[in-house]
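# Structural overview for review
The chain contents come next:
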Amino acid sequence: MSRESIRQDRSAAARVFRSLDEVPRDFGPSIAAIGNFDGVHRGHQQILGAAAAEAQSRSMRSIAITFQPHPAQFLYPKEAPKLLTFLPERLRLLARTGVDAVLVLPFDETLSRVTAEDFVRNVLVGLLGVRGIHEGANFRFGHGARAGVNELRAFGEEFGFAVQVHAAVHVHGLEVSSSAVRSLIAEGDVRRARWMLGRVFGVRSHPAEGRGVGTKLLVPTVNLARYEGLLPGFGVYVTRLTVGSRCFQAVSNVGNRPTFEGVGFGVETHILDFEPVDLTVETPLTLEFLLRLREEMQWPSTEALKAQIFKDVVRAQRYFRIDALRQRDSSLR
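Residues numbered from 1 in each chain as written. Predicted model: local features only at pLDDT ≥ 70, side-chain atom pairs only at ≥ 80, totals over all residues. Heavy atoms only, no water.

## A few points about the packing of helix α6 (residues 116-127) against helix α7 (residues 149-159)
The condition is simple: The convention used is that axes are lines fitted to C-alpha atoms, helices contributing only their stretch in contact, and that angles between N-to-C directions extend from 0 to 180 degrees. Helix numbering and strand numbering both begin at the N terminus, where a helix is a DSSP run of H or I of at least 4 residues and a strand a DSSP run of E of at least 2. Roughly parallel means an angle under 35 degrees; roughly antiparallel, over 145; roughly perpendicular, 65 to 115; everything else is oblique. Each helix crossing is assigned a hand: it is left-handed if the near helix lies turned anticlockwise from the far helix by less than a right angle, otherwise right-handed if that turn is clockwise. Note on contacts: a residue pair qualifies if any of its non-hydrogen atoms lie within 4.5 Å across the two residues. Charged means Asp, Glu, Lys or Arg here, nonpolar means Ala, Val, Leu, Ile, Met, Phe, Trp, Tyr, Cys or Pro, and polar covers whatever is left, Gly included.
The contact between α6 and α7 brings their axes to 11 Å, and the two run at 50°. Between α6 and α7, the angle falls in the class oblique. Handedness of the α6/α7 crossing: right-handed. Contact residues: A116, E117, V120, R121 and V125 in α6; L152, F155, E158 and F159 in α7. Of the residues belonging to the contact of α6 with α7, the class tally is six nonpolar, no polar and three charged.

And the structure:
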């Protein structure tokens, strides 16, 4: 394959293969990274970026190999963690790391029983023509997750590829991992989760049916539809809500809204810089969590709740003013 054709491939978005059959027989030689990549956090970004850089320097293609569903969701559905990113968002974030392609392997009973050696022989070497692999030190693969980086290195010596093992990334003294990000978000610490992710944590969903959903949103409140991924711990947050192509400053409550008996769990967002906007149950929403203001509380009356909401709004507006100043003056960042 010519250098020119590879450069042209890189000018386009990353290609996505959703099965082994979709991978062109002449895809290789390639440099690969394998993982669930939930969240595509800074550690993932380092590994994938290094794979992409090596591929470019060697005039090869780079590929991220991931799984759908998450293996834990298939093997241990009751104990599996809530996901940070669903597949469409994960693919978008993986493409941003610079890899040329993403292979999404359907994780099922058959794949779960493939041995590490067969995976290396048939997929990595036989199909992808792998010449180099980048992984984190905790990487496990093959039936029963019995193989790790030591076994991978041994396979590399046998089949002719190099293995580069990356040390964990640390940010402000914190070791970055998907489980660590999940823990921080579950605690409501979206600020430190942002450090680890390298971006604001957000969820993509749609409006809930009911109040505020019709041909036009005429009140500054939006309720998020039922969401199966990870949400921040109960509390009140400074947020940013994108409705279609419009982005609004907002304050969001995550929780059971205990002041109103029987309402139940919900994610309710109050838009600060509100303007009427078209909204249906199909309108895409992105809700980004910028800062936790306080825990969720039960108030003795709706008047007391309204007074607290006013205080929350004032704090949120102050956050956005300071953030705007920081964006204009790099010395304040």
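We are not done yet, so read on.
## Quick notes on the layout of surface pockets
For the record, the criterion: Buried and open spaces are told apart on a 1 Å grid over the protein atoms alone, a cavity being a set of points where a 1.4 Å probe fits but cannot get out and a pocket being an open set with protein on both sides within 12 Å along at least five of seven lines. Residues with an atom within 4 Å of a point are the lining residues. Grid points are joined across faces, edges and corners, and a volume is the space filled by probe spheres set on the points.
Size it by volume and the largest pocket reaches roughly 1300 Å³. Those elements that place two or more of their residues in the lining of the largest pocket are α2 (42-57), α3 (71-75), α5 (109-112), β5 (130-136) and α8 (178-186). A breakdown of the residues in the lining of the largest pocket according to their chemical character gives 21 nonpolar, 16 polar and seven charged.

## Description of the environment of A180
With respect to the secondary-structure elements, A180 resides in helix α8. Residues A180 and I65, spaced 115 residues apart in sequence, show a C-alpha to C-alpha distance of 22 Å. With sequence-adjacent residues up to four places away left out, A180 is seen in contact with E175 and M196.

## Overview of the sheet that holds strand β9 (residues 201-205)
Backbone hydrogen bonds hold the strands of a sheet together, and the pairing may be parallel or antiparallel. Just so we agree on the cut-off: Any two strands between which DSSP finds at least two bridges are classified as paired.
Taken in spatial order, the six strands of this open sheet run β9-β14-β11-β12-β13-β10, and their pairing is antiparallel. Sheet topology places β9 and β10 (221-223) at the edges, where each strand pairs with a single neighbour. Each neighbouring strand pair of the sheet contributes to a mean axis angle of 30°, computed without reference to strand direction. With three bridges joining them, β10 and strand β13 (residues 266-271) adopt antiparallel strand pairing. Considered in β13, the bridge of V222 is made with T269.

## Focus on the pairing of strand β2 (residues 30-34)
A regular strand places its side chains on the two faces of the sheet in alternate fashion. The following threshold applies: Burial classification: accessible surface area is computed with a 1.4 Å probe over protein chains only, and a residue below 20% of its type maximum counts as buried, one above 50% as exposed, and the rest as partly exposed. If the strands point away from the viewer and the path from the first strand over the helix to the second runs clockwise, then the crossover is right-handed.
Counting buried residues in β2 gives five out of five residues, a clear majority hidden from the surface. Inspection of the sheet shows β2 paired to strand β3 (residues 61-68) by five bridges, in the parallel sense. When the bridges of β3 are listed, S30 appears paired with R61. Chirality of the crossover, the property in question, places the unit of β2, α2 and β3 among those that are right-handed. Relative to β5, β2 runs parallel, the two being bridged by four bridges. Following the sheet pairing, I31 is matched in β5 by G132.

## Overview of the nonpolar core
The tendency in soluble globular proteins is for nonpolar side chains to be buried side by side. Selection criterion: In this text, buried Ala, Val, Leu, Ile, Met, Phe, Trp, Tyr and Cys residues form a nonpolar core when linked through side-chain atoms within 4.5 Å.
By size, the foremost hydrophobic cluster in this structure holds 31 residues, and its most contacted members are V203 and F289. Here F289 is in contact with V190, V200, F201, V203, P232, Y237, V238, T239 and V254, once residues within four sequence places are set aside. Judged by nonpolar contacts, the second largest core, of 30 residues, contains I63, V120, A147 and F161.

None of this, on its own, says anything about what the molecule does.
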